[in-house]
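# Understanding the architecture of this molecule
Chain by chain, the residues run as shown.
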Amino acid sequence: GQQVQQSPASLVLQEGENAELQCNFSSTATQLQWFYQSPGGSLVSLLSNPSGTKHTGRLTSTTVTKERRSSLHISSSQTTDSGTYLCAPQTGGYKVVFGSGTRLLVSP
Amino acid sequence: EAAVTQSPRSKVAVTGGKVTLSCHQTNNHDYMYWYRQDTGHGLRLIHYSYVADSTEKGDIPDGYKASRPSQENFSLILELASLSQTAVYFCASSDRGESAETLYFGSGTRLTVL
């Protein structure tokens, strides 16, 4: 089945610094989503990006479909960005598989 | 705004007992999913469904059953709860199957099996 590797496992930044999160997956994906999980546990979708580059606010995602990888860039990090970022490729059919996530801590 | 509601928010169960987790969505979505999350880990797919009265096995279906009696409702059933099933369970829905625009998640159910 689909295997998803996210790196780094954890990241500590000073407020204002940029973050680069990586996601590699083993099988071709028809869709690729990035999610944010708050320290309290709630999950929200950040963006969907099956290929190419997509921007929303301070987030930029680049997915290279043929190489089965995606990245999420967070610019000018804020303390409220602290939490876990999950990559979720969707393979043929309806299955969405999640990576273990990158834990981000942004200190003031 | 899409809405997925899970109940209960938390539950303590005894080993060997039966547990039913419920999920209700008002999004008019065809696709629904059950995931579990263990402390410090990502989400793992248990069961999913793309139409009422039909369910599919995910990656870790053993020890779980699912039921989709209507488009809006999707339940996860633990017939004989075990200690290893202590986890947080998330339900989600999506607007279509392949290339789904996004998943909408419920708030989760924290299950503790003693």
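Everything below is about the structure printed above this text.
Summarised in this report is the structure supplied together with it. It should be emphasised that the depicted structure is a prediction, and the values quoted were computed from it without experimental measurement.

## With respect to the side chain of Ser-75 of chain B
Note that Ser-75 of chain B resides in strand β8 (residues 73-78). Once residues within four sequence positions are removed from consideration, Ser-75 of chain B is found in contact with Thr-20, Leu-21, Ser-22, Trp-34, Lys-65, Ala-66 and Ser-67 of chain B.

## Section: the sheet that holds strand β1 (residues 4-7) of chain A
Residues and elements named next belong to chain A. Taking strand neighbours across the sheet as the criterion, the five strands line up as β1-β3-β8-β7-β6 in an open arrangement whose pairing is antiparallel. The two strands at the open ends of the sheet, each matched to only one other strand, are β1 and β6 (52-56). Neighbour-to-neighbour, the strand axes of the sheet open up by a mean angle of 15 degrees, direction not taken into account. Here β6 runs beside strand β7 (residues 59-64); their pairing, made up of five bridges, is antiparallel. Pairing of Thr-56 across the sheet is with Leu-59, part of β7.

## Some words on the pattern of salt bridges
Inspection of every chain in the model, using the stated rule, returns five salt bridges over all chains. Between Glu-67 of chain A and Arg-69 of chain A there is a salt bridge, and its shortest N-O distance comes to 2.6 Å. The class for Glu-67 of chain A is partly exposed, based on a relative accessible area of 49%. Between Glu-79 of chain B and Lys-65 of chain B there is a salt bridge, and its shortest N-O distance comes to 3.2 Å. Remark: Lys-65 of chain B occurs in strand β7 (residues 65-67) and Glu-79 of chain B occurs in the loop between β8 and β9 (87-94); sequence separation between them is 14 residues. By relative accessible area, which is 46% here, Lys-65 of chain B ends up partly exposed. Here the salt bridges share partners, and the residues they tie into one network are Arg-36, Asp-38 and Arg-44 of chain B.

## Comments concerning the state of the cysteines
All names here are of chain A. Scanning the entire structure with this criterion turns up two disulfides over all chains. Linked covalently through their sulfurs, Cys-23 and Cys-87 form a disulfide whose S-S length is 1.9 Å. Residues Cys-23 and Cys-87 share a disulfide whose torsion about the S-S bond is about -65 degrees; that sign makes it left-handed. Of the two residues, Cys-23 is situated in strand β3 (residues 19-25) and Cys-87 in strand β9 (residues 83-90); the sequence distance between them amounts to 64 residues.

## As for the sheet that holds strand β5 (residues 43-48) of chain A
Residues and elements named next belong to chain A. Ordered by their spatial adjacency, five strands build an open sheet running β2-β10-β9-β4-β5, and the pairing between neighbours is mixed. Both edges of this open sheet fall to β2 (10-14) and β5, since each of them pairs with a single strand only. Pairs of neighbouring strands in the sheet enclose a mean axial angle of 25 degrees, with direction left out of account. For strand β4 (residues 31-37) and β5, the ladder comprises five bridges, and the chain directions are antiparallel. Looking at the pairing, Gln-37 lines up with Leu-43 of β5.

Thresholds, definitions, all that
Residues numbered from 1 in each chain as written. Chains lettered and ligands numbered in written order. Predicted model: local features only at pLDDT ≥ 70, side-chain atom pairs only at ≥ 80, totals over all residues. Heavy atoms only, no water. Helix = DSSP H or I, 4+ residues; strand = E, 2+ residues; numbered from the N terminus. Contact = heavy atoms within 4.5 Å. Pairing = 2+ DSSP bridges. Axes fitted to C-alpha atoms, helices over the stretch in contact; angles between N-to-C directions. Salt bridge = Lys/Arg side-chain N within 4 Å of Asp/Glu carboxyl O. Buried < 20%, exposed > 50% of the residue type's maximum accessible area, 1.4 Å probe, protein only. Disulfide = S-S within 2.5 Å.

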